[in-house]
Amino acid sequence: MQKYNYENLNYIYFEDFFNETDSEVIFNYLVNNINWKHDTIKIFGKKHNLPRLTAYHADTGVSYSYSGIKMNPDPWTKSLLKIKKKIETFSECEFNSVLLNRYRNGNDYHGYHSDDEPCLGNQINIASLSFGAGRDFKFKSKNLKESRPKTLFLNNGSLLLMKHPTQAFWLHSLPKRMRLSSERINLTFRLIDKL
Ligand SMILES: O=C(O)CCC(=O)C(=O)O
């Protein structure tokens with residue numbers, strides 16, 4: 001387990017949060033049982049497909065809006081709830097929603113952003129689980145003087161707990177990896193204010 005807390009970048013990375021067997025079972029469950037959507041976003045008035053598939057599960061009435069997309073929740077499944085409980089016990093944080101991202105191959109990606117929407121409050125802790133292909137994950141400071149990004153390699157079965165105040169000071173991204181043909185699924189658990 002790697003703990004990092006320096007210059008407001010505060011995270012815990014747990015490489016083997018799930019063992020290989022459990023990770024494979026969970027990956028297959030997610031591929032076959034989640035209702036994956038291909039959303040579009042508008043950039044300068046033009047519609048673009050998101051470069052990944054997504055899904056969103058949460059407590060009743062807990063919707064999530066980001067980048068102009070409003071996600072209404074599907075209910076928790078038994079398996080997602082079991083995973084949520086395990087993460088809550090480990091992190092001592094409470095979560096009421098999970099955003100799922102499915103990267104079909106190395107062409108799918110997530111651009112730099114921070115998860116700092118007002119509905120997340122001002123003490124934001126986010127638990128991020130990875131299954132399938134390992135991918136680089138980058139942190140970049142919002143302070144332009146510190147321009148060098150930091151890279152973490154997110155393994156199959158790993159947990160990255162991004163703790164307060166990371167989202168206020170750092171952006172993160174999952175860059176393209178052109179030669180990669182295998183899939184990765186990411187689950188980010190959040191605590192969202194119910195409107
Ligand atoms: O796939 C990842 O590891 C990143 C996901 C992410 O940044 C997000 O859902 O906000």
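As the structure is a computational prediction, the values presented were derived from the model and not from experiment.

(A) A look at the environment of Leu129. Mapped onto the fold, Leu129 is located in strand 10 (residues 126-132). Once residues within four sequence positions are removed from consideration, Leu129 is found in contact with Phe17, Phe18, Ile83, Ile87, Ser158, Leu159, Ile185, Asn186, Leu187 and Phe189.

(B) Molecular detail of the site of the ligand. Residues in contact with the ligand amount to 14 residues; listed here are only the nearest, Asn101, Tyr103, His113, His172 and Arg184. Between the ligand and His113 there is a distance of 2.8 Å, counted from an oxygen atom to a side-chain nitrogen or oxygen. At 3.1 Å from an oxygen atom of the ligand is found a side-chain nitrogen or oxygen belonging to Asp115. Coverage of the ligand by the protein chains reaches 98% of its 300 Å² of free accessible surface. Counting residues per element, the ones that place at least two in the shell around the ligand are strand 8 (97-103), strand 9 (110-113), strand 14 (170-174) and strand 15 (184-190). Ranked by the residues each element gives to the shell around the ligand, the list is headed by strand 15, at four residues. For the shell around the ligand, a count of residues per class yields five nonpolar, six polar and three charged.

(C) Structural context of the packing of aromatic side chains. Counting across every chain of the model gives twelve aromatic pairs. Both rings, one in Phe95 and one in Phe189, keep their centres 6.3 Å apart while their planes meet at 55°; by these two values the pair is tilted. Of this pair, Phe95 sits in the loop between helix 2 (78-91) and strand 8 while Phe189 sits in strand 15, and the two are 94 residues apart along the sequence. For Phe95, a relative accessible area of 2% corresponds to the buried category.

(D) Layout of the sheet that holds strand 10. Here seven strands make up an open sheet; going across it, the order is 1-2-13-10-15-8-5 and the pairing antiparallel. Each end of this open sheet is capped by a strand with a single partner; those strands are strand 1 (2-6) and strand 5 (53-58). Pairs of neighbouring strands in the sheet enclose a mean axial angle of 15°, with direction left out of account. Pairing of strand 8 with strand 15 involves seven bridges; the strand directions are antiparallel. Within the sheet, the bridge partner assigned to Asn101 lies in strand 15 and is Asn186. Running over the sheet, helix 1 (residues 20-33) touches strand 8, strand 10 and strand 15 and is turned about 95° from strand 10. Contacts from helix 2 reach strand 2 (9-14), strand 5, strand 8, strand 10, strand 13 (159-162) and strand 15 within the one sheet, and its direction differs from that of strand 15 by about 60°.

(E) Focus on helix 2. Helix length check: helix 2, at 14 residues, gives a terminal C-alpha distance of 20 Å against a target of 20 Å (1.5 Å per residue), a fit within 8%. Of all the positions in helix 2, only Leu80, Ile83, Lys84, Ile87, Glu88 and Ser91 are classed as buried. Taken around the axis of helix 2, the buried residues stretch over an arc of 135°, which confines them to a single face. The exposed residues of helix 2 that point more than 90 degrees off its buried face are Lys78, Lys82, Lys85 and Thr89. In this structure, the buried side of helix 2 is in contact with helix 1, strand 5, strand 8, strand 10, strand 13 and strand 15. At the exit of helix 2 stands Glu92, carrying a positive phi of roughly 55°.

(F) A look at the pattern of salt bridges. Evaluation of the coordinates by the stated rule reveals seven salt bridges. Lys84 is the partner of Glu88 in a salt bridge, and the nearest nitrogen-oxygen pair spans 3.1 Å. Taken together, the residues span about one helical turn, with Glu88 and Lys84 both in helix 2 at a distance of four residues. With a relative accessible area of 10%, Lys84 lands in the buried category. The partner of Asp136 in a salt bridge is Arg177, and the shortest N-O contact between them spans 2.8 Å. With Asp136 in strand 11 (residues 135-141) and Arg177 in the loop between strand 14 and strand 15, this pair connects stretches of sequence that are 41 residues apart.

Definitions and limits used
- Residues numbered from 1 in each chain as written.
- Predicted model: local features only at pLDDT ≥ 70, side-chain atom pairs only at ≥ 80, totals over all residues.
- Heavy atoms only, no water.
- Helix = DSSP H or I, 4+ residues; strand = E, 2+ residues; numbered from the N terminus.
- Contact = heavy atoms within 4.5 Å.
- Near = heavy atom within 4 Å.
- Polar contact = N/O pair within 3.5 Å; in protein donor to acceptor, adjacent residues only side chain to side chain.
- Areas by Shrake-Rupley, 256 points an atom, 1.4 Å probe, with all protein chains shown as cover.
- Nonpolar A, V, L, I, M, F, W, Y, C, P; charged D, E, K, R; others polar.
- Phe/Tyr/Trp six-rings, centres within 6.5 Å; stacked < 30°, edge-to-face > 60°.
- Buried < 20%, exposed > 50% of the residue type's maximum accessible area, 1.4 Å probe, protein only.
- Pairing = 2+ DSSP bridges.
- Axes fitted to C-alpha atoms, helices over the stretch in contact; angles between N-to-C directions.
- Expected span 1.5 Å × (residues − 1).
- Arc of directions from axis to C-beta.
- Salt bridge = Lys/Arg side-chain N within 4 Å of Asp/Glu carboxyl O.

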